[in-house]
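Secondary and tertiary structure notes
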Amino acid sequence: MLDPGRIMERCEALARHSELPGGLTRVFLSPEQRAATDKVLAWMREAGMQAKLDAMGNAAGRYEGNRPGLPCLMLGSHLDTVRDAGKYDGMLGVISAIECVSFLHSKNKRLPFAIEVIGFGDEEGVRFGTTLLGSRAVAGIFDGQVLKAKDPQGKTMADALREFGLEPDGIPRLARKKGEVLAYAELHIEQGPVLETEGLPVGVVTAINGFSRLRVTLRGAAGHAGTVPMKLRRDALAATAECVLTVERIARGHPELVGTVGRLEAKPGAINVIPGEVMFTVDVRAPQDALRNDAVSKMTSEIRRIAQDRQLDCNTETLQEFGVTACAPRLMEQMDRAVASEGFKVRRLPSGAGHDGMALGAIADICMLFVRCKGGISHSPLESITQDDAAAGVRVLMSFIERFDGLSA
Ligand code: GLV
Ligand code: MN
Ligand code: MN
């Protein structure tokens, strides 16, 4: 039997591996992540899979089909978290997928394709500022330059991998070829309010919105907060305030566009010193690439104009960009049928959040199933789901797997 109680217990068990006392923060290649990953690998083995930690720190499990070596249906999500996170973003998808394999294994059932479940080591990008690291490696779109990226303590990703016992040279070998992966399917909490508003436990995702992430540095002049007259100042933080409102104004200009300044560091950061330098980030997302690109170019030119008017140096860097990833129509139809077969209304919706499927889209058709979360809240310790909804999600995922017809693609 599929056991939603066990799914909930396992989400709780993983949440105990945290660097944040009383909360949940688990970043890529941390000791907490090692412990959580070991647990996931053990659950995979218990579910009848061959499982190993791969060169990118992903927990990778495989359940053979009715003969060894068949192409796979890949399932998964991520095991890292944002800071002060909820217990379900990422983990629910990995644990639900393992539950489905465990169910097949208990019935001694093999399918005409293999199933692989991957708990990706990094999706959120918290530690090194660049996202989807685990799934990019598996999709063969991992940029080796990123190994030089440093965490806030100055450690490079390559060194962090080595300290974790992994060999960065092994990363290119993780790349899966087209044809080895028939499709990628991910169960994930919705992270928004649509399903709850409509009283539905699950939804079928149509596409994952694209994103652009920028880092802006403004440099003016630090000075004494008591002596420099206002009109002679080159205050980088006052300029940043204008920039933040500009990002908000441009993003508000279209109902499908969102823009966020999520990080801001002002130097030197003293009460009696004019801020001479500020770094801030901009995250822009939209369901159409043209809309996002247009917004990013308007934001960038407005930020430059603000800097110029205030006689500041301005540097803008694009940290990451990812286009819209559409879910495959044939997989959405199969997921719709799985939803209906479990007695739920079929509701399709786009994803505003990013997901590992964006990377996997480079080598396979993808689809996603959303599970309702309370208040639409995510990236927060208030993130929560009910056991009934976990049950609905895993039943639909199981039904999708059983009717998966990727072989006729
Ligand atoms: C990942 O959760 C993202 O969408 O930022
Ligand atoms: Mn997330
Ligand atoms: Mn997620």
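Check the entry above for the structure.
So, here's what we can say about the structure. (Residues numbered from 1 in each chain as written. Chains lettered and ligands numbered in written order. Predicted model: local features only at pLDDT ≥ 70, side-chain atom pairs only at ≥ 80, totals over all residues. Heavy atoms only, no water.)

Okay, the nonpolar core next. Ile115, Val117 and Ile401 are the most contacted members of the largest nonpolar core, which has 92 residues in total. Per-element tally for this core: the top contributor is helix α3 (residues 91-106), with ten residues. Core analysis: the second largest hydrophobic core is formed by 23 residues, Val247, Val278, Leu291 and Leu312 among them. (Core = buried A, V, L, I, M, F, W, Y, C linked by side-chain atoms within 4.5 Å. Buried < 20%, exposed > 50% of the residue type's maximum accessible area, 1.4 Å probe, protein only. Helix = DSSP H or I, 4+ residues; strand = E, 2+ residues; numbered from the N terminus.)

In this section: the coordination of the manganese ion (ligand 3). Protein-derived coordination of the manganese ion (ligand 3) comes from His78 (NE2), Asp89 (OD) and His188 (NE2), at a distance range of 2.0 to 2.2 Å. Written as a sequence motif, the donor residues of the manganese ion (ligand 3) are H-x10-D-x98-H. In this structure, the manganese ion (ligand 3) is positioned 3.5 Å from the manganese ion (ligand 2), and both are ligated by Asp89. Residue Asp89 is found in the loop between β3 (72-78) and α3, and its partner His188 is found in strand β5 (residues 181-189); the two are separated by 99 residues along the sequence. (Donors = N, O, S within 2.8 Å, 3.2 Å for Na, K, Ca; no water.)

Attention shifts here to the side chain of Arg285. In this fold, Arg285 is placed in strand β12 (residues 277-286). Side-chain polar atoms of Arg285 contact the side chain of Asp283, separated by 2.8 Å. (Polar contact = N/O pair within 3.5 Å; in protein donor to acceptor, adjacent residues only side chain to side chain.)

Glancing now at the coordination of the manganese ion (ligand 2). Those donors, Asp89 (OD), Glu124 (OE) and His379 (NE2), are the protein atoms that reach the manganese ion (ligand 2), and they lie 2.0 to 2.1 Å from it. Between consecutive donor residues of the manganese ion (ligand 2), the sequence gaps follow D-x34-E-x254-H.

Let us look at the pattern of salt bridges. Evaluated as defined, the whole model comprises 32 salt bridges. Residue Asp289 pairs with Arg292 through a salt bridge whose shortest N-O separation is 2.9 Å. Residue Asp289 and its partner Arg292 are located together in helix α8 (residues 289-309), separated by three residues, close to a single helical turn. On the accessibility criterion, Asp289 (29% relative accessible area) is partly exposed. Each of the salt bridges in this network shares a partner with another, and the network as a whole consists of Arg62, Glu64, Glu116, Arg176, Lys177 and Glu180. (Salt bridge = Lys/Arg side-chain N within 4 Å of Asp/Glu carboxyl O.)

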